[in-house]
Amino acid sequence: MKKFNKWLLAGGILSAVLFLSGCVQRAADGSPTGKGWVYLYLVRPMSFAMDYFANLMGGNYGFAIILITIIVRLIILPLGLHQSRSSIIQQEKMAALKPQMDVAQANLKAATTVEEQRKAQMEMSALYKENGVSMTGGIGCLPLLIQMPIFSALFYAAQYTEGISTSTFFGVNLGERNLIFVALAGLSYLGVSLVSMIGVPEAQRKTMKTMMLMNPLMILFFSFSSPAGVTLYWIIGGIFSMAQTYISNVIMKPKIKAQISEELKQNPPKTVIKPIVRKDVTPVEEKKVTHKNNSSNKGRNAGKQQKRK
């Protein structure tokens, strides 16, 4: 859990740095001054790459953006598939541990002292540790972090690269916002969400519907405030993500589930958590008094019944 927090903190810091330093220094006429590390190390290299690939393709910056997107996606594809595999493995193992987790949650609710609460929490951690399960469930955000600098570079390169800002792709000005491209970007990531639902149980789908719409809405928001060149990056990225998600959910997942099921048959999960058994802490004297009272009451009732007869 500590490692996850460190990664989460690092990702948050990187996001904040990119966001806060994203304002490229501009001159009075709106052109970049050429200063600032965002421009020097992100925007200018991206502009050179755009010009290079565009020249290879007859001056078409749209195909240059598509090519750069494919290259970036191919680089991070092995990492994305590895994290998908890890996530599936963790999910299957956690499903096998669910009976013990239910007991752990019941113990936590039944805990009446701080010591019992602490013990229940420690048992939950021990359950994961003893069975080789990560508490983060294989969650990883490294592919997203890798894409963030690319997105920032494309965003400003689309504005400051002379060729791309005036170039058109199938009649669309890549330097300006285009609502058709915005809609296509949203639809491509909606497709990613739909593909990710393949093979998911119906009960789980209901809980995933809200999350399913969050990603497309975020892409729509980013695309609406971005030039068409950047939106084209999201469109191609969404199509690529659909293919990656299909590989993970339809091709990889059934094989991994069968493999984990066989492993669990040979090596069942270790039993770590047991229900809390509460001892009777009633004082002995109090029990004797209660027993005497019950006996005398029985005697009195029996005498009354004989008199009535």
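No experiment lies behind these values; they were computed from the predicted model shown.

Participant: What am I meant to see in the packing of helix H3 (residues 61–96) against helix H10 (residues 228–266) here?
Facilitator: Each packed pair of helices is defined by two parameters, the angle between the axes and the distance between the axes. Running from N to C, H3 and H10 cross one another at 30°; their axes reach a closest spacing of 7 Å. Classified by the angle between their axes, H3 and H10 sit roughly parallel to one another. Once H3 is placed against H10, the crossing between them reads as right-handed. Counted by class, the contact of H3 with H10 contains 19 nonpolar, 11 polar and five charged residues.

Participant: Would you mind going over the packing of helix H4 (residues 98–110) against helix H5 (residues 114–130) with me for this structure?
Facilitator: Two elements in contact, H4 and H5, have axes separated by 8 Å at closest approach and are oriented at 165°. Taken together, the axis directions place H4 and H5 in an arrangement best described as roughly antiparallel. Once H4 is placed against H5, the crossing between them reads as left-handed. Contacts between H4 and H5 involve Gln100, Met101, Ala104, Asn107, Leu108 and Ala110 on the former and, on the latter, Glu116, Gln117, Ala120, Gln121, Glu123, Met124, Leu127 and Tyr128. Of the residues assigned to the contact of H4 with H5, the class counts are eight nonpolar, four polar and two charged.

Participant: Any chance you could explain the environment of Gln147 here in plain terms?
Facilitator: Of note, Gln147 is situated in helix H6 (residues 142–160). Exposure remark for Gln147: the relative accessible area of 10% places this residue in the buried category. For the pair Gln147 and Arg73, spaced 74 residues apart in sequence, the C-alpha separation works out to 8.8 Å. When neighbours within four sequence positions are excluded, Gln147 is seen to be in contact with Arg73, Ile76 and Tyr233.

Thresholds applied
- Residues numbered from 1 in each chain as written.
- Predicted model: local features only at pLDDT ≥ 70, side-chain atom pairs only at ≥ 80, totals over all residues.
- Heavy atoms only, no water.
- Axes fitted to C-alpha atoms, helices over the stretch in contact; angles between N-to-C directions.
- Helix = DSSP H or I, 4+ residues; strand = E, 2+ residues; numbered from the N terminus.
- Parallel < 35°, antiparallel > 145°, perpendicular 65-115°, else oblique.
- Left-handed = near helix turned anticlockwise from the far one by under 90°.
- Nonpolar A, V, L, I, M, F, W, Y, C, P; charged D, E, K, R; others polar.
- Contact = heavy atoms within 4.5 Å.
- Buried < 20%, exposed > 50% of the residue type's maximum accessible area, 1.4 Å probe, protein only.

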